Amino acid sequence: MLTPRYVPDEALQDHLTRVAQRNAEIFTPEGYAIFQAKADRAIAATDKNAVSVALQRAHKAPAMRARILWIRKAGDHFAEGLKTVAPCTSGGCSDCCSQAVIISRAEAEILAAETGAYLERNPAYIARIADAMSRHHRNFDRDTAEKYTAVPCIFLKAGRCSIYEHRPIACRVHFTLDRDNLLCRFIKGQTNRIPGLDIEPIMGNLARVIGTDSNAADHTDIRDWFPKGLNK
Ligand code: SF4
Ligand code: SF4
């Protein structure tokens, strides 16, 4: 059983005060100007040619695995610029690993092959996902997101990603442009806005190279695909 990681009750009032102060500071014209300057610096530090070449190769690759690995490479190049301005690389921070990480079956298959982790392929389970997807359509991701809000990822061990080299593309491009993780922390009944760079150039292309075939495109949270974590 994964225990939700909300800001503890005894620290909540102080935390809420700091969040309110931060929101008043950053969601203003001056705050937006600072974020825009950071975003510009991140884009300037990104090897845009490398991103573009990797995306082109992803779209030309005949095999699904190769397409996804090229998008992964594009995501890593995209992240290089973000790492120069984000607080996320200073180590020890993993609050963002306690939220839904929705990945496709195609990406889950790669993760399973690379790590040896048990991938849930049970037909009844797959039917349940397919049924939920057809019933809920757009709500499916929202329902999954709510279910896993503040719930640590199955691969998070001692505050670190235990499959770091193989982590999903969504994890590779997830950064905040704020100065620390204050707004990344989970508060019961409240959702924070977190300033970040638009990751559509990576995630949109990922969706496009996967397409709509359910053998590749079925998607759910990483904890659903890998209920046993790294265990076989
Ligand atoms: S996005 Fe937030 S929680 Fe995740 S590593 Fe960066 S600062 Fe930490
Ligand atoms: S796969 Fe790794 S980086 Fe991604 S949410 Fe899980 S622990 Fe965090």
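Cut-offs used in this document
Residues numbered from 1 in each chain as written. Chains lettered and ligands numbered in written order. Predicted model: local features only at pLDDT ≥ 70, side-chain atom pairs only at ≥ 80, totals over all residues. Helix = DSSP H or I, 4+ residues; strand = E, 2+ residues; numbered from the N terminus. Rg over C-alpha atoms; globule rule 2.2 N^0.38 Å. Buried ≥ 20, exposed ≤ 12 C-beta atoms within 10 Å, placed from the backbone. Near = placed C-beta within 6 Å. Nonpolar A, V, L, I, M, F, W, Y, C, P; charged D, E, K, R; others polar. Contact = placed C-beta atoms within 7 Å.

Can you walk me through the overall build of the chain in this structure?
Broken down by element type, the chain carries 11 helices and 4 strands. Since a compact globule built from 232 residues should have a radius of gyration of about 17 Å, the 18 Å found for the chain is in line with a globular shape. Counting only C-alpha atoms and orienting by the principal axes, one finds that the chain spans roughly 50 × 45 × 35 Å. The proportion of buried residues among the 232 residues of the chain is 28%.

Is there a simple way to think about the site of ligand 2 in this case?
Surrounding ligand 2, one finds Cys97, Val101, Cys153, Phe155, Leu156, Cys161, Ile163, Arg167, Pro168, Cys171 and Ile222. Taken together, the residues of the shell around ligand 2 sort by class into 10 nonpolar, no polar and 1 charged.

Would you take a moment to explain the site of ligand 1 for this structure?
Ligand 1 sits among Pro87, Cys88, Cys93, Asp95, Cys96, His174, Phe175, Thr176, Asn181 and Cys184. Residues belonging to the shell around ligand 1 are distributed by class as follows: 6 nonpolar, 3 polar and 1 charged.

Hey, could you run me through the environment of aspartate 218 in this one?
Its location among the elements puts aspartate 218 in the loop between helix H10 (214–217) and strand S4 (219–221). Between the alpha carbons of aspartate 218 and cysteine 97 there is a distance of 22 Å; along the sequence they are 121 residues apart. Non-local contacts of aspartate 218, meaning those with residues more than four positions away in its chain, are made with Ser104, Arg105, Ile129 and Ala130.

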